[in-house]
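# Structural overview
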Amino acid sequence: MARKLDEIAGAQFDGVMSPPRPDLKTLGSLRYWAITSFGVDSDVERGVEEAAALGAEALTVQLGDFDSSLQDMVKLANRICEAATRAALPTAIEVHRDTFTETPERTSELQRAFSLATGEYLEICWDFSHIAVVRHLRPPFSSLLDPKEDILRSSQFHLRPFNGHHCQIPASDGLGGRAPEYCDWLEWARDLFELIRNSRASSIRIAPELGNAAPAYGLACFPDVWEDTKQVLRDLKNLELR
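Residues numbered from 1 in each chain as written. Predicted model: local features only at pLDDT ≥ 70, side-chain atom pairs only at ≥ 80, totals over all residues. Heavy atoms only, no water.

### Overview of the overall build of the protein
To be explicit about the condition: Working definition: helices are DSSP H or I runs of at least four residues, strands are E runs of at least two. Numbering for both runs from the N terminus. Put simply, the radius of gyration uses C-alpha atoms, and a globule should come to 2.2 Å times the residue count raised to 0.38. Burial classes follow relative accessibility: with a 1.4 Å probe on protein chains only, a residue under 20% of its type's maximum area counts as buried, one over 50% as exposed, and anything between as partly exposed. Residues count as neighbours in contact if any of their non-hydrogen atoms are within 4.5 Å of one another. Each accessible area is a Shrake-Rupley result for a 1.4 Å probe, and residues are judged covered by the shown protein chains and nothing else. Counted as positive: Lys and Arg. Counted as negative: Asp and Glu. His and the chain ends are not counted at all. To locate a charge, the coordinates of NZ of Lys, CZ of Arg, CG of Asp or CD of Glu are taken.
Helix and strand counts for the protein come out as eight helices and seven strands. Taking 242 residues into account, the globule formula puts the C-alpha radius of gyration at 18 Å, and the protein, at 18 Å, falls close to it. Every one of the 242 residues in the protein was classed for burial, and the buried ones make up 48%. Sequence-distant contacts, at least 24 apart, represent 71% of the contacts inside the protein between residues at least 6 apart. A total of about 12200 Å² of accessible surface is found on the protein, and carbon and sulfur atoms cover 50% of it. Side chains of the protein give 26 positive and 37 negative charges; the mean places of these two sets differ by 3 Å.

This is how it looks when you write it as structure tokens:
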């Protein structure tokens, strides 16, 4: 883990996103963004406290299962938000496959029900790749930037290169250039950055999130996923500066 953290810092990332684990106690200059999953029977208090104890600046939660009930998920989301408030840990519910929020309709349903039950707004962490696959979208993916108001109120974004049929695509073509599908995604990312320049959030966290073996987002035929991740970081930083 120490070698991995050195590699991450050397590649000019600001921090690391990971589930809470003891070997993240010594992050050096890196900042920590925690991610976890909670179900109906989870010890929410303990999970939030573990993240806070490691110095997490924010927490992303994957909520329940695809077949969880709305009533249970509203109660669970409220427990999470209450624990996060006590820990002073900004928290958002991630749009993600095989969770309650795996479709846009369920995500909106959860937000409406949560607001009715608590009078509060439930923040979403956007991983647009899951929505794109559900919709089998074609470039330029412009429909993913609606509802704009919800995006403008969010402070957490997981940006994995995708197309309408694959939740992750290579950033590079294996020959020293960018993959054409990735270029389509990068144009969409430019539009997203233009939108969130008007964000209502006090700060924004963006994770260039490319998975490999666990979970198996990266296929055996992909170029080196870590090198691709660094390419995505460079490209997103260029977009940020424009």
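### Side note on the nonpolar core
The condition is simple: For the purposes of this section, nonpolar cores are sets of buried Ala, Val, Leu, Ile, Met, Phe, Trp, Tyr and Cys residues that join through side-chain atoms within 4.5 Å.
Grouped together as the largest cluster of nonpolar side chains are 65 residues, with contacts concentrated most on F128, L144, I151, L159, W185, W188 and L192. Here this core takes nine residues from helix α7 (residues 180-196), the largest share from any one element. Residues contacting F128, with those up to four places away along its chain left out, are L144, I151, F157, H158, L159, F162, W188 and L192.

### Digging into the packing of helix α3 (residues 70-86) against helix α4 (residues 104-118)
Two measures define how a pair of helices packs: the angle their axes make with one another and the distance between the axes. To be explicit about the condition: Axis definition: a line fit to C-alpha positions, over the contact stretch in the case of helices; interaxial angles, taken between N-to-C directions, run 0 to 180 degrees. The labels follow the angle: roughly parallel below 35 degrees, roughly antiparallel above 145, roughly perpendicular from 65 to 115, and oblique for the rest. What makes a crossing left-handed is the near helix being turned counterclockwise from the far one by less than a right angle; a clockwise turn instead makes it right-handed. We call Asp, Glu, Lys and Arg charged. Ala, Val, Leu, Ile, Met, Phe, Trp, Tyr, Cys and Pro are nonpolar, and the rest, Gly among them, are polar.
In contact at an axis separation of 10 Å, α3 and α4 are set at 65° when each is read in the N-to-C sense. In terms of their interaxial angle, α3 and α4 are classed as roughly perpendicular. Between α3 and α4 the crossing geometry is right-handed. In contact with L70, M73, V74, A77, N78 and C81 of α3, α4 contributes E109, L110, A113, F114, A117 and T118. In terms of residue class, the contact of α3 with α4 is made up of nine nonpolar, two polar and one charged.

### Some remarks on the pattern of salt bridges
Think of it this way: side chains of opposite charge can pair up when their charged atoms draw near. In plain terms, the rule: By definition here, a salt bridge exists when the distance from a side-chain nitrogen of Lys or Arg to a carboxyl oxygen of Asp or Glu is within 4 Å.
According to the stated counting rule, one finds 14 salt bridges in the structure shown. A salt bridge links E50 to R46; the nearest nitrogen and oxygen atoms lie 3.3 Å apart. Of this pair, E50 and R46 both sit in helix α2 (residues 44-53), four residues apart, which is roughly one turn of the helix. Two residues, E149 and R200, come together in a salt bridge whose shortest N-O distance is 3.2 Å. Placement of E149 in helix α6 (residues 148-152) and of R200 in the loop between α7 and β7 (205-208) is noted, with a sequence separation of 51 residues between them. With a relative accessible area of 38%, E149 lands in the partly exposed category. Each of the salt bridges in this network shares a partner with another, and the network as a whole consists of R31, E57 and R205.

### Re the state of the cysteines
Two cysteines form a disulfide when their sulfur atoms are joined by a covalent bond. The cut-off we apply is this: Working definition: a disulfide is two cysteine sulfur atoms within 2.5 Å of each other.
The tally for this structure, following the rule as stated, stands at zero disulfides. In this structure C125 is not part of a disulfide, and its nearest cysteine sulfur, from C167, lies 13 Å away. Residue class for C125 comes out buried when judged on its relative accessible area of 0%. Free of any disulfide, C221 has its nearest cysteine sulfur in C167, 16 Å distant. Given a relative accessible area of 65%, C221 falls into the exposed group.

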